[in-house]
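Here is what each chain is made of, one letter per residue.
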Amino acid sequence: GENVEQHPSTLSVQEGDSAVIKCTYSDSASNYFPWYKQELGKRPQLIIDIRSNVGEKKDQRIAVTLNKTAKHFSLHITETQPEDSAVYFCAASNTGNQFYFGTGTSLTVIP
Amino acid sequence: SAVISQKPSRDICQRGTSLTIQCQVDSQVTMMFWYRQQPGQSLTLIATANQGSEATYESGFVIDKFPISRPNLTFSTLTVSNMSPEDSSIYLCSVSPPGRDGYTFGSGTRLTVV
C-alpha cells in the first residue's frame, strides 16, 4: 500500500516568513495530493490540492509543488500569519477515494 | 460541499463496553470512510464503507472489533467493541463528495475509555 512520509514534524517561523513542508510517497500510481489544515480541536480542512498532471498550483499565499519523478510534493506558505498556526497533513491517493496521510507538521507562527 | 453530522461528539466509556458512532451526510455518496486519530498523531484509515456490501478494512483493523453498517447512501455507523484504554482516540468519518476533490470530514468523536 501507499506510504506517505512528512517532514518536519514541527516548524516554527516568524510572522511574515515562509514555511515549507515536504512529503514523499511510495506508490507511483498515486495521482492526487491534497493538503489539510487541522486547528486544535477541529476537523481537518482541505486547503489546496494538486493532481499528477500539474507541477505547481498556487492559491494566494499557499502553493503546492509536485515532482512525480522523485515522488515528492511540498506545501509552501508565504507571508505567514499567526492564524496559519495549525497542524498540516499531506495525503496521497490513486483512486480519488482512499487517502493515505502523512504524519503531520505542527506549524507555529510567532508574532 | 457535503455536510456531515457526526455524533456523539465525545464520550467517556467503561472498558469492555461498546460505543456506536453515527455519521449522516446531507447528500448521497458511494463511499464513506472511517478514520482514527490518536492524540497528536496522523489520521489512520480504519475501513471503507460501501452501501450494500461489507466494509473493507485496512491492515490492523478487523470487523469484530470495528463493525460498520452502511444501510443507505447517506448514513453509516462505526462501533468500537469491547473497548480498552488503547481505543481512546478521535474517530472521524469522511466522504469524497461527487464532483469535488478531496475529503469532507465529520466533526469527530472524542472517545475516552477508562
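A few points on the structure. Small disclaimer: the values here were computed from a predicted structure and weren't measured. (Residues numbered from 1 in each chain as written. Chains lettered and ligands numbered in written order. Predicted model: local features only at pLDDT ≥ 70, side-chain atom pairs only at ≥ 80, totals over all residues. Heavy atoms only, no water.)

Considering the side chain of threonine 48 of chain B
- Within the secondary structure, threonine 48 of chain B is located in strand 5 (residues 43-50).
- When its relative accessible area of 4% is taken as the criterion, threonine 48 of chain B is described as buried.
- Within the structure, the side chain of threonine 48 of chain B is placed 3.3 Å from the side chain of glutamine 98 of chain A, a separation counted as a polar contact.
- In contact with threonine 48 of chain B, not counting residues within four places along its chain, are Gln98 of chain A together with Met31, Met32, Phe33, Ala55 and Thr56 of chain B. (Helix = DSSP H or I, 4+ residues; strand = E, 2+ residues; numbered from the N terminus. Buried < 20%, exposed > 50% of the residue type's maximum accessible area, 1.4 Å probe, protein only. Polar contact = N/O pair within 3.5 Å; in protein donor to acceptor, adjacent residues only side chain to side chain. Contact = heavy atoms within 4.5 Å.)

Considerations on the pattern of salt bridges
Residues and elements named next belong to chain A.
- The full count for this structure, using the stated rule, is 5 salt bridges over all chains.
- A salt bridge links aspartate 49 to lysine 57; the shortest N-O distance between them is 2.7 Å.
- Here the residues in one salt-bridge network are Lys37, Glu39 and Lys42, joined through shared partners. (Salt bridge = Lys/Arg side-chain N within 4 Å of Asp/Glu carboxyl O.)

Remarks on the sheet that holds strand 1 (residues 4-7) of chain A
Residues and elements named next belong to chain A.
- Strand order in the open sheet formed by 5 strands is 1-3-8-7-6, and the pairing between neighbours is antiparallel. Two strands in the sheet have a free side with no partner beyond their single neighbour: strand 1 and strand 6 (56-59). Neighbouring strand axes in the sheet, compared pairwise and without regard to direction, differ in orientation by 15° on average.
- Where strand 3 (residues 19-25) lies against strand 8 (residues 72-77), 6 bridges are found, and the strand directions are antiparallel. If you follow isoleucine 21 over to strand 8, its bridge partner there is leucine 75. (Pairing = 2+ DSSP bridges. Axes fitted to C-alpha atoms, helices over the stretch in contact; angles between N-to-C directions.)

Things to note about the interface of chain B and chain A
- Counting residues at the interface gives 20 residues for chain B, matched by 17 residues for chain A.
- Carbon and sulfur atoms make up 52% of the surface buried where chain B meets chain A, a total of about 1,500 Å² over both sides.
- Three residues stand out in chain B for area buried against chain A, namely Asp101, Tyr103 and Phe105 of chain B, and they jointly supply 31% of the buried area on that side.
- Across the contact surface, chain B and chain A share 0 salt bridges.
- On the surface where chain B and chain A come into contact, there are 9 residue pairs in polar contact (both at pLDDT 80 or more).
- Looking at the side of chain B that touches chain A, the elements that each hand over two or more residues are strand 4 (31-37) and strand 5 of chain B.
- Partitioned by chemical class, the residues of the side of chain B that touches chain A number 9 nonpolar, 8 polar and 3 charged. (Buried area = accessible area lost by both parts, 1.4 Å probe. Nonpolar A, V, L, I, M, F, W, Y, C, P; charged D, E, K, R; others polar.)

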